[in-house]
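Each chain, written out:
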Amino acid sequence: NQESKIKAYMEEKRVPHVLIFPFPAQGHINQMLKLAELLCLSSIKVTFLNTHHNHNRLLQFTDIRSRFARFPGLFRLESISDGAPDDHPRPSGFTLDFSKLFNMNSIMSPDLRNLLLSNANTTPVTCVICDGIMTFAIDVAKELGIQTIAFRTTSTSYVWALLCLPKLIQSGHIPFPENADMDESVLAVPGMEGFFFRRRDAPSFYNVKEVTNPALQFFINETFNSTKASALILNTVDDLEAPFLTQIRPKHFQNVYTIGPLHTLLNNLRVATNGHDRIDFSSSNHNGLWEQDRSCLAWLDSQAVKSVVYVSFGSVAVLTESQQVEFWYGLVNSGYPFLWVKRSGRGYSGEGDENIPEELREGVEKRGYIVGWAPQEEVLAHRAVGGFLTHSGWNSTLESLVAGVPMICWPHQVDQQMNSRVVGEMWKIGVDMKDRCDRSTVETMVRDVMCGERREEIIRSMAEIGDVAKKAGHITQMLKLAELLCLSGIQV
Ligand code: UDP
């Protein structure tokens, strides 16, 4: 029966129809929704698949339906279970039950297969674009004869670092030796010599005690499995990450499509297709799993040009109470006004402002503005914002780069340690606090980025690097997108 269903399915495939399936977290859904809109703008039918939990959050906190209403019949939302009960904690979108998270394959594959087969009588899916860490979707799609593309939402440097891991493990460089000097380079892999990555700049997964660590194994396996897809999409620009792209293509990935920064490409395309006056960027750019507090834009209006430090650590990072206290001190002592996103839920050990040291209350009230979730792209584009204290998530890095806002990087996990090193050392458009967050470092680095000679140097590099990113949002990227679509069997 299953066989005849598959046969019927394969015979009926005709109209281009892309299924997009992101990993259940903000920074992944965010980018892949942008790709979905780009495809809809090109009149391609898209099914956007989430876990039930994030599906409901998107419906609750964003006006996703009205955002896609201008593409009648082209956009459809679907959801499947992540295997955990409804009331299981998912503060950042994915379940904290790691036995489920690292076994998405066995949990989600049957539902995905059924969903793809159930399309057989309507418009069958002709191409699956899955997150590069949800590669069971590649296997399911291949079994049904569907074209597959992997989308990796991190930086290229990180993808490359993961590809290096088996050799580093084999040669005994990972795990790091006990009491290893964290300022030493991570060497011993072809291509890594001569780079400016020290142990402390390596992805957080490098720093494990055992190579059997389930998170480490998960990311290695997913990265190598993603090479089975016909192509890899990266939200980056060739000229921004050239040294790392050279390492991964064509050796690991034959077809790499660097179509970033996606938010720039999308904004340009919206303008090209709709005209300026009909676009409401404010709602269209909200892809969040939290409700936006837009009151901060009015507060920013009341601040001087380039005077505000925007502070956000993204959708996953969790700060300890003492880290927060150091940040409070550093920010208040720097003397600059600041807008701080203190995500509600498990994001921080204290909610709101209850753990502000008593002696700082007056300073915080005078200079600080706190929100639960900000319209980040608009905040970064605001004339009052002069610096971004960030966890160096890849989205935040690209958004800051395009907006021309210098960064103070405090990387937390995954690719962020590498991104912050690239920002500080390769692009020189910010400073890298790395693993320090004492009040005096925070204060000094905020001052460095907000005024004086260091800021001037950063602004000069920013003009150059930002230009590379902004220009990429035009013809070259569109051509790549077109080629990508052709590869997916879509006529362009
Ligand atoms: N973001 C937002 N409002 C906030 C904080 C973050 O809209 O208050 C968005 C931000 O614009 C970015 C994403 O959330 O697109 C965070 O992604 P990133 O890769 O920087 O970090 P992650 O959340 O994955 O750690």
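Starting from 1, residues in each chain are numbered consecutively following that chain's sequence as written. Confidence filtering applies because this is a predicted model: local features only for residues at pLDDT of at least 70, side-chain atom pairs given and counted only at 80 or more, and all residues used for totals across whole chains, interfaces and linings.

Caption draft 1: Inspection of the overall build of the protein at higher detail. Per the secondary structure count, the protein includes 21 helices and 13 strands. To sort residues by exposure, count the other C-beta atoms lying within 10 Å of each residue's C-beta; 20 or more gives buried, 12 or fewer gives exposed, and values between give partly exposed, all with C-beta atoms placed from the backbone. The buried share among the 492 residues of the protein stands at 50%. Contact between residues is assigned whenever the C-beta positions, reconstructed from backbone atoms, fall within 7 Å. A fraction of 73% describes how many contacts in the protein between residues 6 or more apart in sequence connect residues 24 or more apart. A run of H or I in DSSP counts as a helix once it spans at least four residues, and a run of E counts as a strand once it spans at least two, with each numbered from the N terminus.

Caption draft 2: A look at the packing of helix α17 (residues 394-403) against helix α20 (residues 452-471). Note on method: axes are straight lines fitted to C-alpha atoms, helices fitted across the in-contact stretch only, with angles between N-to-C directions ranging 0 to 180 degrees. Running from amino to carboxyl end, α17 crosses α20 at an angle of 105°, the nearest separation of the two axes being 8 Å. With respect to α20, the element α17 is oriented roughly perpendicular. Residues L398, L401 and V402 of α17 lie in contact with α20, whose contacting residues are I465, G466, A469 and K470. Ten residues, namely Ala, Val, Leu, Ile, Met, Phe, Trp, Tyr, Cys and Pro, are considered nonpolar, four, namely Asp, Glu, Lys and Arg, are considered charged, and the remaining ones, Gly among them, are considered polar. Here the residues of the contact of α17 with α20 are counted per class, giving five nonpolar, one polar and one charged. If an angle is under 35 degrees, it is roughly parallel; if it is over 145, roughly antiparallel; if it lies from 65 to 115, roughly perpendicular; otherwise it is oblique.

Caption draft 3: Region of the structure containing the sheet that holds strand β13 (residues 430-432). Strand order in the open sheet made by the six strands is β10-β9-β8-β11-β12-β13, with parallel pairing throughout. Both outer strands of the open sheet, β10 (368-371) and β13, are each paired with one neighbouring strand and no more. Averaged over neighbouring strand pairs, the angle between their axes works out to 15° when direction is ignored. Here the rule is simple: two strands pair whenever DSSP picks up at least two bridges between them. As judged from the three bridges shared by strand β8 (residues 308-312) and strand β9 (residues 338-341), these two strands associate in the parallel manner.

Caption draft 4: View of the site of the ligand. The ligand sits among 18 residues. The nearest are G27, G314, Q376, G393 and S396. Listing elements by their share of the shell around the ligand, those giving two or more residues are α2 (26-41), α16 (376-381) and α17. Residue contributions to the shell around the ligand peak at four residues, all from α17. Of the residues contributing to the shell around the ligand, the split by class is five nonpolar, eleven polar and two charged. We count a residue as near a molecule or strand when its backbone-placed C-beta atom lies within 6 Å of that partner.

Caption draft 5: Seen up close, the environment of L265. By the element assignment, L265 lies in helix α11 (residues 262-274). Put simply, L265 and D139 are 126 residues apart on the chain and 30 Å apart in space, counted from C-alpha to C-alpha.

Caption draft 6: Representation of the confidence of the model for the protein in the model. What pLDDT expresses is the predictor's confidence in each residue, scored from 0 to 100. Mean pLDDT over the protein: 88, with 88% of residues reaching 70 or higher. Every residue in residues 346-351 scores below 50 in pLDDT, and together they form 16 contacts with partners more than four places removed in sequence or on other chains.

Caption draft 7: Helix α14 (residues 321-334), seen in detail. Here α14 spans 20 Å end to end across 14 residues, near enough to the 20 Å set by a 1.5 Å rise per residue. Listed as buried for α14 are E326, F327, W328, Y329, G330, L331, V332 and S334. Each element contacted by the buried residues of α14 is listed here: β8, β9, α15 (361-367) and α19 (439-450). The positive-phi residue at the C-terminal boundary of α14 is G335, with phi of around 85°. What a helix should span is 1.5 Å times the count of its residues minus one.

Caption draft 8: Broad picture of the pairing of strand β4 (residues 127-131). Counted residue by residue, β4 has five buried out of five residues, so it is predominantly covered. Pairing geometry for strand β1 (residues 17-21) and β4, over four bridges, is parallel. Directly across from V18, in β4, lies its bridge partner C127. Where β4 and strand β5 (residues 147-152) come together, five bridges link them in parallel fashion. Across the sheet, the residue bridging to I129 is I149, located in β5.

Caption draft 9: A look at the sheet that holds strand β7 (residues 256-258). In space, the seven strands of this open sheet follow the order β3-β2-β1-β4-β5-β6-β7, with parallel pairing throughout. With one partner strand each, in any of the chains shown, β3 (75-80) and β7 form the two edges of the open sheet. Recorded for the sheet is a direction-independent mean angle of 20° between the axes of neighbouring strands. Across six bridges, the pairing between strand β2 (residues 45-51) and β3 is parallel. Bridge pairing in β3 links T47 to R76.

Caption draft 10: Region of interest: the nonpolar core. Ranked by internal contacts, the top residues of the largest apolar core, which has 137 residues, are I20, V128, A137, V309, L339 and V446. By residue number, the principal contributor to this core is helix α8 (residues 156-170), which donates nine residues. Throughout this description, the term nonpolar core refers to a group of buried Ala, Val, Leu, Ile, Met, Phe, Trp, Tyr and Cys residues whose C-beta atoms join them within 7 Å.

Caption draft 11: Summary view of unusual backbone geometry. For the bond running from R249 to P250, omega is 5°, close enough to zero to count as cis. Residue placement: P250 occurs in the loop between α10 (242-248) and β7. That bond from G260 to P261 is cis: its omega, -10°, falls within 30 degrees of zero. Notably, S43 is not glycine yet its phi reads approximately 65°, a positive angle. Here S43 lies in the loop between α2 and β2. By the C-beta count within 10 Å, which is 10 here, S43 ends up exposed. Although it is not a glycine, N179 sits at a positive phi angle of roughly 55°. Inspection of the secondary structure puts N179 in the loop between α8 and α9 (214-225).

Caption draft 12: View of the environment of L49. Inspection of the secondary structure assignment puts L49 in strand β2. Of the residues examined, L49 has 26 C-beta atoms within 10 Å and is grouped as buried. Put simply, L49 and E78 are 29 residues apart on the chain and 4.8 Å apart in space, counted from C-alpha to C-alpha.

Caption draft 13: View of the packing of helix α6 (residues 104-118) against helix α7 (residues 136-143). It is at 9 Å that the axes of α6 and α7 come closest, and there the two elements cross at 35°. In the crossing of α6 with α7, the sense of the turn from one axis to the other is right-handed. From α6, M104, N105, M108, S109, L112, R113 and L116 reach across to α7, where they touch F136, A137 and V140. In the contact of α6 with α7, the residues fall into seven nonpolar, two polar and one charged. Each crossing gets its hand from how the near helix is turned against the far one by less than a right angle, where anticlockwise is left-handed and clockwise is right-handed.

Caption draft 14: Spatial organisation of the environment of V402. As for its placement among the helices and strands, V402 is situated in helix α17. When neighbours within four sequence positions are excluded, V402 is seen to be in contact with P261, T264, G466, A469 and K470.

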